[in-house]
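Residue strings, one per chain:
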Amino acid sequence: MGCCESSFLKETQRERDEVMNERPLTQRKEASTESDTATPTATVQPTNEEAPLFSEFSFLDLRAATNNFSSDNIVSESGEKAANVVYKGRLENRQWIAVKKFTKVAWPDPKQFKEEAEGVGKLRRKRLANLIGYCCAGDERLLVAEYMPNDTLAKHLFHWEKQTIEWPLRLRVAFYIAEALDYCNTEGRPLYHDLNAYRVLFDEDGDPRLSCFGLMKNSMDGKSYSTNLAYTPPEYLKNGRVIPESVIYSFGTVLLDLLSGKHIPPSHALDMIRGENLNLLMDSHLEGKFSSEEATQVVGLASQCLQYEPRERPSTKNLVVTLARLQTKSDVPSNVMLRVSKHEEAQSTPQRPLSPLAEACSRMDLTAIHQILVMAHYRDDKETHELSFQEWTQQMRDMLEARKQGDTAFRDKDFKTAIDYYSQFINVNIMVSPTVYARRSLCHLFSDRSDAALLDAMQAQCAHPDWPTAFYMQSVALSKLDMQKDATDMLLEGAALEEKRQRGARAS
C-alpha cells in the first residue's frame, strides 16, 4: 500500500495546530487567529507537570529504595540475566520508581553519562515514562524513572492470561507511542534505541507510555539493538548506525505486534501483506472484533515504516496524523479497556492471612501492638556493630543503661519517658537497633505525633530492610496521617515479607 499524498504531503489543519501547540505561548496567541477550527482532542499531547524535577540521587538512597537491589524487586524482562537490570523501588517520600542499573563498564566516563542522562531528563510528556534522575557514585551508573505499574505491551500481547488487548486500545497504543516519538524528535532527541513491545509500558491509569530508558544506549560504545537481528533496520545491519529513520522501522515492527498479537519477523509479515493475506496476519484472539478498514490502514502504515530505503519511510508527524484518524472509544478510559483497576482503586486488603502484629496494625490497635512488641523483645535485631574492647567506655555503658531504662518505661507504658531514654540511646550513634526505632515509633503514636512515628518506622526499615515490623509501623503512622492508600501498600509489603520469611524458615 503506497503513501497517500493527500494525507502525507499536504499540511493539514491538524498539523498546523500541533506545530502551534509546540510554539512559545506568545507565538501561539499570534497564530491562534489562523483558523477557527479547534484541534481534535486526540492530537493534543498532554504535558506531564506532575513528574518530579530531574535530580541526582545518592547510591545509598537507591539501594534503600530497592531493598539493597533485591532480586525480588527486578522487573526487567530477562531478570538477573539482563545486561542492565531494572528494579522496582520506593523512595522515602513514598514515590514508586524504576531504577536501571548499568554494568560497571558500560559508562566509564561519569561526565558523559551525566550529560546523556541530563539530556533525556529535560523531556517531560505524559506519553513518556519520564526520567527523573540518575546516580554516578564510583563505578555505579543508574537511571531513575517513573514507575509504571501495569506491565509492558509485550506482557499484554504475548503473555496474557485472561483476555487479550481489544482493538481500540491497540490503536490507542500505536497513536500514543507515535506521539511520544514525535515529541522526542521535536525536542532534538530523535534516536530511540531498540524500540519494541517491551519498551511500551502501562501507567496507573492504564495509558500506554514509552520508556525513557530507550533514549540512552545500554553502554557508551554498545549496540543500539539487543533483539534478534531479524527485527533490526537494514541500515543498522549494514553499518551499525542508528538514524532517525531506524526508529520508524522499529515502530513498524511494533505495529506488526499490535496487528498480529505475535512477534513476527518483518520479512514474513511483508510477504503476507504483499499476498493480501490480512486475515492470516491479524490476531486470531481478536475473534474478528476489529474494523477491516482500520486494520488495512494500519497494515499500510506498517508497510511504509518497514521500507528498505530509510528515505521512503514516513516521518513521526505522518505517523501521528495517520493514527489520529483511527482513534475510537475516546471517551473510554484506558484502564477500562485494559481491564485493570486504577491505582487509587487498588485492592485495599491483603488476601493472605495476617499475623497478629499485622492484624493489630491494620486495626490501628496501639495497645495490642504494644503487647506484641514487649513480648518480641529484641529477637529481630541484627548485630549491626561489633564493639572493640576500647569501645567499652563509660559512654557505652551509659548508652546501654539508657536503652534498659527506656525498655522499662516502654513496658510500663510511660511513653514520654521511654522516648527520652530511647533518644539518648539513638543519639550516641554507636549501635543501631531497629527495635528501638520501632518502639519509639509506637511511643510517638501514643503521644499523637504521627509524623515522628513515621520517621522512626522508616529508620527501622533502613536499619533492617527486610523487617516486616518496620513496614507495619509505617502502615499505622500513614493511616493516622490519613494516607490510606500508602498505609495499605505498606501493610501488604510487610505481609509479603513475613510470608517470605516463613517460607524460608519452613524450607530450612
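Here, the structure is the one placed above.
Computed from a predicted structure; not experimentally measured.

Here is what the cut-offs are and how they apply
Residues numbered from 1 in each chain as written. Predicted model: local features only at pLDDT ≥ 70, side-chain atom pairs only at ≥ 80, totals over all residues. Heavy atoms only, no water. Pairing = 2+ DSSP bridges. Helix = DSSP H or I, 4+ residues; strand = E, 2+ residues; numbered from the N terminus. Contact = heavy atoms within 4.5 Å. Axes fitted to C-alpha atoms, helices over the stretch in contact; angles between N-to-C directions. Phe/Tyr/Trp six-rings, centres within 6.5 Å; stacked < 30°, edge-to-face > 60°. Buried < 20%, exposed > 50% of the residue type's maximum accessible area, 1.4 Å probe, protein only. Lys NZ or Arg CZ within 6 Å of the ring centre and 35° of its normal. Expected span 1.5 Å × (residues − 1). Disulfide = S-S within 2.5 Å. Patch = residues over 30% accessible without salt bridge, like charges linked within 9 Å, V, L, I, M, F, W, Y side chains within 5 Å. Areas by Shrake-Rupley, 256 points an atom, 1.4 Å probe, with all protein chains shown as cover. Salt bridge = Lys/Arg side-chain N within 4 Å of Asp/Glu carboxyl O. Lys, Arg positive; Asp, Glu negative; His and termini not counted. Charge placed at Lys NZ, Arg CZ, Asp CG, Glu CD.

Caption draft 1: View of the sheet that holds strand β6 (residues 140-146). The sheet built from five strands is open, its strands ordered β1-β5-β6-β3-β2 with mixed pairing. One side of each edge strand has no neighbouring strand; the edge strands of this open sheet are β1 (55-56) and β2 (85-90). Note: β2 against strand β3 (residues 96-101), six bridges, orientation antiparallel. Note that in β3 the partner of Lys88 across the bridge is Ala98. Strand contacts of helix α5 (residues 110-121): β5 (131-137) and β6, with the helix running at about 175 degrees to β5, the strand carrying the most contacts.

Caption draft 2: Here's a closer look at the packing of aromatic side chains. Evaluation of the coordinates by the stated rule reveals eleven aromatic pairs. Centre to centre, the rings of Phe54 and Tyr134 are 5.7 Å apart; their planes meet at 15 degrees, and the pair counts as stacked. Highlighted residues: Phe54 in the loop between α3 (25-31) and β1 and Tyr134 in strand β5, separated in sequence by 80 residues. Judged by relative accessible area, Phe54 falls into the partly exposed class, the value being 23%. Given a relative accessible area of 4%, Tyr134 falls into the buried group. One aromatic cluster is present, built from ring pairs that chain together Phe410, Phe415, Tyr422 and Phe446. Lying across the ring of Trp96, Lys88 places its NZ or CZ 4.4 Å from the centre.

Caption draft 3: Structural context of helix α7 (residues 167-186). Compared with an ideal rise of 1.5 Å per residue, which puts 20 residues at 28 Å, α7 spans 29 Å between its outermost C-alpha atoms and is within 8% of the ideal. The buried fraction of α7 amounts to 18 of the 20 residues, a majority that puts the element mostly inside the structure. Just downstream of α7 lies Gly188, where phi reads positive at about 85 degrees.

Caption draft 4: The arrangement of the state of the cysteines in detail. Per the counting criterion, the structure on display carries zero disulfides. Not part of a disulfide, Cys135 finds its nearest cysteine sulfur in Cys136, a span of 6.8 Å.

Caption draft 5: Region of interest: a negative patch on the surface. On the surface, Glu56, Asp109, Glu115 and Glu118 cluster together into a patch of negative charge. With respect to the element layout, Glu118 can be found in helix α5. On the accessibility criterion, Glu118 (30% relative accessible area) is partly exposed.

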